[in-house]
Amino acid sequence: MVRDSHYFPVIIIGGGPAGLATSLTLSARGIPHCIVDANEVPVNKPGEAIPPNAKPLLKQLGIDHLIDNKRHLPYYGNKACWGDDTLRQEEFITDVHGHGYLLNRLLFETELREHITSALCTNFWGYKLRLVEQQDQETIVRIEGSSESHELRCRYVVDATGRKASVCRQLGVLKTALDEQFALTLQVPIRNNMAHQIHIEAIENGWWYAALLGQSQMNLMFFASKSLIPAKSDLPEFLENALNKSIYIKKLIDKSLLPLNATEIRVIPAGTSCLDVPYGANWLAVGDAAYAYDPISSYGITSGLGAGYYAGHTLADALDGKQEAFDVYRYLMENAFQAYLEKLENHYALEQRWPQSGYWVNRINMTPVA
Ligand SMILES: Cc1cc2nc3c(=O)[nH]c(=O)nc-3n(C[C@H](O)[C@H](O)[C@H](O)COP(=O)(O)OP(=O)(O)OC[C@H]3O[C@@H](n4cnc5c(N)ncnc54)[C@H](O)[C@@H]3O)c2cc1C
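In this text, all values refer to a predicted model and were calculated from it rather than measured experimentally.

Undergrad: Account for the site of the ligand, naming residues and giving values.
TA: Around the ligand sit 35 residues in total, of which Asp37, Lys45, Arg105, Asp288 and Ile301 are the nearest. Between an oxygen atom of the ligand and a main-chain N or O atom of Ile301, the distance comes to 2.8 Å. Coverage of the ligand by the protein amounts to 92% of the 990 Å² it exposes when considered alone. Mapped by element, the contributors of at least two residues to the shell around the ligand are α1 (17–28), β9 (128–135), β16 (217–225) and α7 (300–319). Classifying every residue of the shell around the ligand by side-chain character gives 17 nonpolar, 11 polar and 7 charged.

Undergrad: Describe the domain arrangement of the protein, listing the residues and the values that go with them.
TA: For the protein, the assigned domains are domain 1 (1–45 + 105–178 + 272–370) and domain 2 (49–103 + 180–270). Look at where the C-alpha atoms of domain 1 and domain 2 centre, and you get two points 25 Å apart. At the junction of the two partners, domain 1 supplies 32 residues and domain 2 supplies 40 residues. Each partner contributes to the roughly 3,100 Å² buried at the junction of domain 1 and domain 2, and carbon and sulfur atoms together form 63% of this total. Counting the contacts that link domain 1 with domain 2 gives 2 salt bridges.

Undergrad: Quick one: what's the story with the pattern of salt bridges, residue by residue and with numbers?
TA: Inspection of every chain in the model, using the stated rule, returns 14 salt bridges. Lys45 is the partner of Glu109 in a salt bridge, and the nearest nitrogen-oxygen pair spans 2.8 Å. Of this pair, Glu109 sits in helix α4 (residues 105–114) while Lys45 sits in the loop between β2 (33–37) and β3 (49–50); the two residues are 64 residues apart in sequence, bridging distant segments of the chain. Asp288 is paired through a salt bridge with Arg163; the nearest N and O atoms lie 3.9 Å apart. Of this pair, Asp288 sits in the loop between β19 (283–285) and β20 (291–292) while Arg163 sits in the loop between β11 (149–159) and α5 (166–170), and the two are 125 residues apart along the sequence. Residue Asp288 is classed as partly exposed on the basis of its relative accessible area of 24%. Judged by its relative accessible area of 26%, Arg163 falls in the partly exposed class. Residues joined in a network through salt bridges with shared partners are Lys45, Arg105 and Glu109.

Undergrad: I'd like to hear about the side chain of Asn78, residue by residue, with values.
TA: Mapped onto the elements, Asn78 comes out in strand β5 (residues 77–81). For Asn78, the side chain forms a polar contact with the side chain of Tyr75, separated by 2.6 Å. When residues no more than four places from it in sequence are discounted, the contact partners of Asn78 are Arg88, Gln89, Glu90, Phe92, Gln197 and Ile198.

Undergrad: I'd like a rundown of the environment of Ser216, residues and numbers included.
TA: Among the secondary structure elements, Ser216 is positioned in the loop between β15 (206–213) and β16. Residue classification places Ser216 among the partly exposed residues on the basis of a relative accessible area of 44%. Each C-alpha atom, one on Ser216 and one on Met333, is 38 Å from the other, the two residues being 117 residues apart in sequence. Setting aside its immediate chain neighbours within four residues, Ser216 contacts Val188, Pro189 and Ile190.

Undergrad: Lay out helix α6 (residues 235–245) in plain terms, naming residues and giving numbers.
TA: Buried residues of α6: Leu235, Pro236, Phe238, Leu239, Ala242 and Leu243, and no others. Buried positions in α6, seen along its axis, are confined to an arc of 160° and lie on one side of it.

Undergrad: Talk me through the sheet that holds strand β7 (residues 100–102); I want residue IDs and the actual numbers.
TA: Overall, antiparallel pairing links the 3 strands, which are arranged β3-β7-β4 in an open sheet. Taken across any chain shown, the strands that pair with only one partner, and hence form the sheet edges, are β3 and β4 (73–75). Bridging between β4 and β7 involves 3 bridges; their strand directions are antiparallel. Residue pairing across strands places Pro74 opposite Tyr101, the latter belonging to β7.

Undergrad: Report on the pairing of strand β6 (residues 88–91), specifying residues and quantitative values.
TA: Examined bridge by bridge, β5 and β6 share 4 bridges and lie antiparallel to one another. Residue Asn78 lies in a different strand from β6, and its bridge partner there is Glu90. The turn linking β5 back onto β6 is made up of 6 residues, and Gly83 within it adopts a positive phi angle of 95°.

Undergrad: Before we move on, can you summarise the sheet that holds β6 with the specific residues and values?
TA: If you trace the 7 strands from one edge of the open sheet to the other, you get β6-β5-β14-β15-β16-β13-β17, paired in mixed fashion. In this open sheet, the two edge strands, each paired with only one partner strand, are β6 and β17 (266–269). Within the sheet, the average angular offset between the axes of one strand and its neighbour, ignoring direction, is 20°.

Undergrad: An account of the side chain of Thr139 is needed here, citing residue identities and associated values.
TA: Take Thr139: it is sitting in strand β10 (residues 138–144). Judged by relative accessible area, Thr139 falls into the buried class, the value being 0%. Among the polar contacts made by the side chain of Thr139, one reaches the side chain of Gln134 at a distance of 3.3 Å. Setting aside residues no more than four positions away along its own chain, Thr139 makes contact with Val132, Glu133, Gln134, Leu152, Arg153, Cys154, Arg155, Val157 and Asn282.

Undergrad: Report on a nonpolar patch on the surface, specifying residues and quantitative values.
TA: The grouping of Tyr310, Val328, Tyr331 and Leu332 at the surface amounts to a nonpolar patch, some 400 Å² of accessible area in total. Here the nonpolar patch takes 3 residues from helix α8 (residues 325–349), the largest share from any one element. Tracing the backbone through its elements, the reader meets Tyr310 in helix α7. Judged by relative accessible area, Tyr310 falls into the partly exposed class, the value being 38%.

Conventions and cut-offs
Residues numbered from 1 in each chain as written. Predicted model: local features only at pLDDT ≥ 70, side-chain atom pairs only at ≥ 80, totals over all residues. Heavy atoms only, no water. Near = heavy atom within 4 Å. Polar contact = N/O pair within 3.5 Å; in protein donor to acceptor, adjacent residues only side chain to side chain. Areas by Shrake-Rupley, 256 points an atom, 1.4 Å probe, with all protein chains shown as cover. Helix = DSSP H or I, 4+ residues; strand = E, 2+ residues; numbered from the N terminus. Nonpolar A, V, L, I, M, F, W, Y, C, P; charged D, E, K, R; others polar. Domains from an automatic or database assignment. Contact = heavy atoms within 4.5 Å. Buried area = accessible area lost by both parts, 1.4 Å probe. Salt bridge = Lys/Arg side-chain N within 4 Å of Asp/Glu carboxyl O. Buried < 20%, exposed > 50% of the residue type's maximum accessible area, 1.4 Å probe, protein only. Arc of directions from axis to C-beta. Pairing = 2+ DSSP bridges. Axes fitted to C-alpha atoms, helices over the stretch in contact; angles between N-to-C directions. Patch = residues over 30% accessible without salt bridge, like charges linked within 9 Å, V, L, I, M, F, W, Y side chains within 5 Å.

The structure is reproduced here in C-alpha cells:
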C-alpha cells in the first residue's frame, strides 16, 4: 500500500555515519528532513578504528560523549610489518589528541541513531529505497517497508547508502572503482591478552589486519584482490595459507580455531572508489557513496561523519539560495580525496618485496578498474 505523498526539503537515504551526521547538521541549521534506512535497527559493520585526530570533529557534531565511554576501547597505536620483516610500532602517546578508539561499531551506530531526536527529522527505519525520479521541480522518492510503501517528495535527495551508492545508481550516475580489493572478515576469540593496537602485516598476496573487539574477541581481516579469492567452501584453506605466510599475525591466533569456519567468513568490497562529481541538480552524495576509502587508511567513519557535517551545511545554504555551496562542498571533498590518494600510493609503494604478485602490482598502479 502506498501512503500519502509527504514533502521534505531534504531526504537522506542511508542511516550510517554519513547520513546521521548530515541529519544532525540539518537539524542544527533548522532544516526539516527525513532519514531512511533499510534496517529497522543498526546491523554490525566491519571497521572500528577511529584515529585520535577525529576528536575535534566528533565534538563539533556534539557526539564526542558517545565514543568517550568505557564500552569503546582506547586505541593506542599500530604495530605494522610492512616493507620488510621488521615489526614497527607507532604510538599515539605524543599525539596532541591523545589516543584513538576501537569502537564497538554496533553500539556506536545504535547510539548515534538514538541521538537523532530532533523534531525536524522524521525517521523511516526499515524502509528500502525503491525509486528516485525527477518530476518538474521536485524529486519523487519511493521507499518500501515490510508492510507499507511511501511516496516522498523533496528538493534534494542525499545518497548516504554507502559503497553501493543506490541513489546515484537510480539516477544513472556511476562510481569509478580504482582497484578491486576485497576483505575477508571474521571474528575470533583472542589467544592471550592483546594490545589495544591495530596489527597490520603485508604478505605476498595481500595484507592482514587484527584489532581487539571487546575484551575477548578480535576482528580479523585479510585484504586481497577479488580475482584471487576462491569459492566460499575454499575460504578456510585460503585464509590458513595466508596465515601461514605471516610472521606475526599467526601468533595472535589460537591453532585450535583452525580450520576456520567458512560460514563465519564474510567477503566484502574494500577498495577505493569515487564519483566524478559528488552532486547534481537535485542530489548530493556523502560518505562511502561519494568516496570509498581503503581500510588501510582508517579513514571511512571519520570521513563519512565529516562529509555529513559539510553536506548538511551545503544543503542548508543551497535551500537559502546559495547554490555556490555545492562547489565548495565538491572542492573540500575532492581535495581530501586527492590527499588520501597520494598517501595511499606512497604507503603501498613502501611494500616492494613481491614485484610479481598480482595483488601488489595492482596496488601500486592505481588505475581505474573497468
Ligand atoms: C573491511 C572494512 C574495514 C573497515 N575498517 C574501517 C576502520 O577501521 N575505520 C574506519 O574509519 N573505517 C573503516 N571502514 C570504512 C567504514 O566502515 C565506512 O567508510 C563507513 O561505514 C561509511 O559510512 P557511510 O555512512 O557512508 O556508509 P555505511 O556505513 O555503509 O551506511 C550506509 C547505510 O545505508 C543503508 N542503505 C544502503 N542501501 C540502502 C537502500 N537501498 N535503502 C535504504 N537504506 C540503504 C544501509 O543500511 C546503511 O546503514 C572499513 C570498511 C571495510 C569494508
